[in-house]
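Secondary and tertiary structure notes
Listed here are the chains, written in short residue letters.
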Amino acid sequence: GDGDTLTHLRFVTLNEMPITAGVVYSIKGKVQNPSKETRWPVSAPWLLESFKAYAVEDHPRRNQAIRLDSRALGGTVVLPQAMFFQASNFHSEFGATSYVTVVNITMEFKNELRNGDQFLITAPVGFDLRGQSPESCSEFRWPDSYRPFVDTPDPTCTCQQASAGLLCQLTYTISEAGEDRQLVYQPAKRISFLLSALNPAQ
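Residues numbered from 1 in each chain as written. Predicted model: local features only at pLDDT ≥ 70, side-chain atom pairs only at ≥ 80, totals over all residues. Heavy atoms only, no water.

**Description of the nonpolar core**
Put simply, the test is: Put simply, buried Ala, Val, Leu, Ile, Met, Phe, Trp, Tyr and Cys residues joined by side-chain atoms within 4.5 Å make one nonpolar core. Burial status follows relative accessibility: with a 1.4 Å probe on protein chains alone, a residue under 20% of its type maximum counts as buried, one over 50% as exposed, and anything between as partly exposed. The contact rule is simple, with two residues in contact once any of their heavy atoms fall within 4.5 Å.
Ranked by internal contacts, the top residues of the largest apolar core, which has 25 residues, are Met 107, Phe 149, Leu 170, Tyr 172, Ile 191 and Phe 193. Not counting the four nearest positions on each side in its chain, Phe 193 is found in contact with Val 103, Asn 104, Ile 105, Met 107, Phe 119, Ile 121, Phe 140, Arg 141, Trp 142, Pro 143 and Leu 170.

**What about the layout of surface pockets?**
Test applied: Cavities and pockets are defined on a 1 Å grid built over the protein atoms alone: a cavity is a set of grid points where a 1.4 Å probe fits but cannot escape, while a pocket is an open set with protein on both sides within 12 Å along at least five of seven lines, and lining residues are those with an atom within 4 Å of any such point. Grid points are joined across faces, edges and corners, and a volume is the space filled by probe spheres set on the points. We count a stretch as a helix when DSSP gives it H or I for four or more residues in a row; a strand needs E for two or more, and each element gets its number in order from the N terminus. In this classification, Asp, Glu, Lys and Arg are treated as charged, Ala, Val, Leu, Ile, Met, Phe, Trp, Tyr, Cys and Pro as nonpolar, and every other residue, Gly included, as polar.
Roughly 340 Å³ of volume is contained in the second largest pocket. Forming the walls of the second largest pocket are 19 residues, and the residues nearest its centre are Ala 87, Val 103, Pro 124, Phe 127 and Ala 197. Mapped onto the lining of the second largest pocket, the elements with two or more residues apiece are β3 (84–89), β4 (99–108), β6 (118–122) and β10 (190–198). Across the lining of the second largest pocket, the residue classes tally to 15 nonpolar, four polar and no charged.

**A word on the pairing of β4**
Here is the rule: At least two bridges found by DSSP between two strands are what make those strands a pair.
Burial runs high along β4: eight of the 10 residues are buried. For β3 and β4, the ladder comprises six bridges, and the chain directions are antiparallel. When the bridges of β4 are listed, Phe 85 appears paired with Met 107. Note that β4 and β10 share eight bridges and pair antiparallel.

**Some points on the packing of aromatic side chains**
The criterion, for reference: Stacked, tilted and edge-to-face are the three classes assigned to paired rings of Phe, Tyr and Trp, where Trp is represented by its six-membered ring and a pair needs centres within 6.5 Å; plane angles under 30 degrees give stacked, over 60 edge-to-face, the rest tilted. Criterion for a charge above a ring: Lys NZ or Arg CZ within 6 Å of the ring centre, and within 35 degrees of the ring normal.
Per the stated rule, a full pass over the model turns up eight aromatic pairs. Where Trp 142 meets Tyr 172, the ring centres are 6.3 Å apart and the plane angle is 85°; that geometry is what we call edge-to-face. Within this pair, whereas Trp 142 is found in the loop between β6 and β7 (156–162), its partner Tyr 172 is found in strand β8 (residues 165–173), the two being separated by 30 residues in sequence. Pair check on accessibility: Trp 142 and Tyr 172 agree, each one buried. Aromatic rings pair up to connect Phe 109, Phe 119, Phe 140, Trp 142, Phe 149, Tyr 172, Tyr 185 and Phe 193 into one cluster. Across from the ring centre of Tyr 185, 4.9 Å away, lies the NZ or CZ of Lys 189, which sits over that ring. Cation over ring: Arg 190 sits above Phe 84, and NZ or CZ is 3.7 Å from the ring centre.

**What about the environment of Ile 174?**
In this structure, Ile 174 sits in the loop between β8 and β9 (183–185). Considered as a pair, Ile 174 and Ile 27 are 147 residues apart in the sequence and their alpha carbons are 26 Å apart. Not counting residues within four places of it along the chain, the set of residues in contact with Ile 174 comprises Leu 113, Arg 114, Asn 115, Gly 116, Asp 117, Phe 149, Thr 152 and Val 184.

Set out below in structure tokens:
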């Protein structure tokens with residue numbers, strides 16, 4: 001995928017298989033959030049458009065994109081950058097392929113957190129965050145008896161093999177008791193948790 005401007009993401013079909021009406025397709029791409037925050041529930045919509053190009057070489061509209069469908073999709077609230085973020089190797093276990101028993105992650109957000117909010121943490125290339133069971137995080141736990149989120153399940157950790165090496169991501173989706181989008185955590189309050197990790201080979 002590419003695009004003509006920074007706000008356009010374009011996918012072009014390259015084989016001869018047609019896109020069939022009534023069939024659900026999934027398209028995946030990566031984008032960067034804008035620098036300007038949006039306040040819930042206001043957010044700019046996404047616009048999904050499809051086009052076709054004439055296949056006949058000598059057709060007068062050969063290089064013109066013909067619009068097929070257009071649909072606006074609800075946007076996602078953009079939060080400001082975190083006020084504080086730190087990931088520390090508590091016992092200074094820096095050896096290659098070493099098992100790091102305690103990784104202390106602390107963060108602080110400018111905005112309040114609500115039910116349905118999600119934060120994602122991407123580890124440096126090569127660090128393995130996966131636990132024993134599928135999509136679990138290695139020994140995730142809270143530092144003490146205080147739990148900032150009582151009802152929310154533990155985060156998930158997934159990894160994929162990228163060209164640069166193993167790339168792992170922790171995903172935490174807030175799901176406390178109460179209504180959707182209910183305020184559950186005040187702004188400018190730090191959140192800390194612990195987990196383990198496997199150091200990269202180099």
